[in-house]
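Observations on the model geometry
So the chains spell out like this:
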Amino acid sequence: MQHVLDESPYIKEILSLEKKFPDRREFHKNAEHLLSKMGSDDEFLRSVVKRNFEDIGYLKQQWSLYNIPFFYIYETADFYLKIHFFPSMKNYVAGTAAHCIHHHNNYILTTAAIFGSGYETILFDKNVEINQKSLDAKLKINKHFTQTEFPIHCIDAWEPHLVFNPEKFSATLQLWTPDQKRVTDNLRVNPILKAIKNPLRKLIYMFGMEKQFGIASKKTYQWYPLGNHFKAIEENDYFEPTRKAIGPDVDSYSMQTVFYFLQNRNLIDSDFLRQLLDKDSTPLYYKPLINEILNGAKIEETFCKEFINIPSKTYTINDVFIASNNAN
């Protein structure tokens, strides 16, 4: 199927860079400049909006508190580009963690701040010590910075990191790739191979070859500070409540977040929204938001969920510093 952004100079250039730099880290480094350009180009971003609102898969997806509001930009078997939205806290408290410390398995992420205050983040050493019985853990801080200091930064595969809630609603444009090219990369896009993905995964676990094939370990952990140390929590346990958080309220919240960004980033195309309003394929929960915009009303800001699925419900940057001192 023809992609609405196939003729974009940015997409043509990033496709060319992807072929030119088979080393994934070199690819990320050489693609950095494109992310900022995409994020500051109104015409390109309006094309991204149309790409999503004309895509049946995007329109019909089931939102949850696990898949935070986003836009697709472009994807192949080798990389994908997205925009992620980061609502702030209703009652902002500086240095409040947005989630647990985590990594993205074998994925490299380069992220560019394109709207709002940007967030504060910490990157940790990849070598995490975990006591498998107590789940006590030791993590060492490698880098601590804000997106104001580094508007574009790269997070390596298997590199634990942590984002703190931004002071103001923010958005980032992101480039994702596996850390290296593998024959299994086509599992993500090939419908036939997808059908046998789970049996293949079981064989890979049986032979202990997760990293060779670039898939998550059978037990993947996230971490949070608890007193003078960190505690590990299995990723599936951590995400279970947010994966189950679905329904009309979550749908409305997610799309309100998207439309808040569009209005405040001055990306409203009224003619296109009128067409969207009249289409049978447009979800019903989009329509009140479209009508508000067309009638000149302000979309109300959305706010992040301030509690996460750990015993303490929340934690701060000071808690991280205290726990990390024990690892040095």
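Residues numbered from 1 in each chain as written. Predicted model: local features only at pLDDT ≥ 70, side-chain atom pairs only at ≥ 80, totals over all residues. Heavy atoms only, no water.

1. Observations regarding the sheet that holds strand β6 (residues 136-138)
Let me state the cut-off plainly: Any two strands are treated as partners once DSSP identifies two or more bridges connecting them. Secondary structure is summarised from DSSP: a helix means a run of H or I of at least four residues, a strand means a run of E of at least two, and numbering begins at the N terminus for each. Two residues qualify as a contact provided that any one of their heavy atoms is within 4.5 Å of a heavy atom in the partner residue. Each axis is a line fitted through C-alpha atoms, and for a helix only the stretch in contact is used; angles between axes span 0 to 180 degrees, taken between their N-to-C directions.
Strand order in the open sheet formed by four strands is β5-β6-β12-β11, with antiparallel pairing between adjacent strands. Of all the strands in the sheet, the pair left with one neighbour each is β5 (129-130) and β11 (221-226). In this structure, β11 lies alongside strand β12 (residues 229-234), joined through six bridges in antiparallel fashion. The partner of proline 225 across the bridge, within β12, is phenylalanine 230. Contacts from helix α8 (residues 235-244) reach β11 and β12, with the element oriented near 70° to β12.

2. Brief notes about helix α1 (residues 9-20)
What counts here: The length a helix should cover is 1.5 Å for every residue beyond the first. Think of it in three bands: residues with accessible area under 20% of the maximum for their type are buried, residues over 50% are exposed, and the middle band is partly exposed, with areas taken using a 1.4 Å probe on protein chains only. Working definition: the arc comes from the directions between the helix axis and the C-beta atoms, pointing outward to the latter.
When the terminal C-alpha atoms of α1 are compared, their 16 Å separation across twelve residues agrees well with the 16 Å that a helix rising 1.5 Å per residue should span. Taken residue by residue, α1 has Tyr10, Ile11, Ile14, Leu17 and Glu18 as its buried positions. For α1, the angular spread of the buried residues around the axis is 125°, confining them to a single face. Of the exposed residues in α1, the ones pointing more than 90 degrees away from its buried face are Pro9, Lys19 and Lys20. Buried residues in α1 make contact with α2 (24-40), α3 (42-53), β1 (70-75), β2 (80-86) and β10 (170-178).

3. What to know about the packing of helix α10 (residues 270-278) against helix α11 (residues 287-294)
Counted only if it meets this: Left-handed describes a crossing whose near helix is turned anticlockwise from the far helix by less than a right angle; the clockwise case is right-handed. Note on residue categories: nonpolar means Ala, Val, Leu, Ile, Met, Phe, Trp, Tyr, Cys or Pro, charged means Asp, Glu, Lys or Arg, and polar means any other residue, Gly included.
Where α10 meets α11, the closest approach of the two axes is 10 Å, and the angle between their N-to-C directions is 145°. The crossing of α10 and α11 is left-handed. Contacts from Ser270, Leu273, Arg274, Leu276 and Leu277 of α10 reach α11 at Lys287, Ile290, Asn291, Ile293 and Leu294. The class makeup of the residues in the contact of α10 with α11 is six nonpolar, two polar and two charged.

4. Examining the sheet that holds strand β9 (residues 161-164)
Across the sheet, which stays open at both edges, the three strands sit in the order β7-β4-β9 with antiparallel pairing between neighbours. Two strands bound the open sheet, and with one partner strand each, they are β7 (141-146) and β9. Each strand axis lies, on average, 15° off the axis of its neighbour in the sheet, ignoring direction.

5. Quick look at the pairing of β12
With five of six residues buried, β12 lies mostly within the body of the structure. Here β6 pairs with β12 via two bridges, running antiparallel. Looking at β12, one finds that aspartate 136 is bridged to lysine 231. Between the end of β11 and the start of β12, which pair antiparallel, lie two residues, with glycine 227 showing a positive phi angle near 65°.

6. A few points about the packing of aromatic side chains
Convention followed: By convention, a stacked pair of Phe, Tyr or Trp rings (six-membered ring in the case of Trp) has centres within 6.5 Å and planes under 30 degrees apart, an edge-to-face pair has planes over 60 apart, and any other such pair is tilted. In this scheme, the term charge over a ring applies when either NZ of a lysine or CZ of an arginine sits within 6 Å of the ring centre and within 35 degrees of the ring normal.
Per the stated rule, a full pass over the model turns up 29 aromatic pairs. Judged by centre distance (5.1 Å) and plane angle (85°), the ring pair of tyrosine 10 and phenylalanine 44 falls under edge-to-face. Of this pair, tyrosine 10 sits in helix α1 while phenylalanine 44 sits in helix α3, placing them 34 residues apart in sequence. Each member of the pair, tyrosine 10 together with phenylalanine 44, is buried. For the pair tyrosine 66 and phenylalanine 239, a centre-to-centre distance of 4.8 Å together with 80° between the ring planes defines the contact as edge-to-face. With tyrosine 66 in the loop between α4 (56-60) and β1 and phenylalanine 239 in helix α8, this residue pair connects regions lying 173 residues apart in the sequence. The ring of phenylalanine 150 carries the charged tip of lysine 143 above its face, separated from the ring centre by 4.2 Å.

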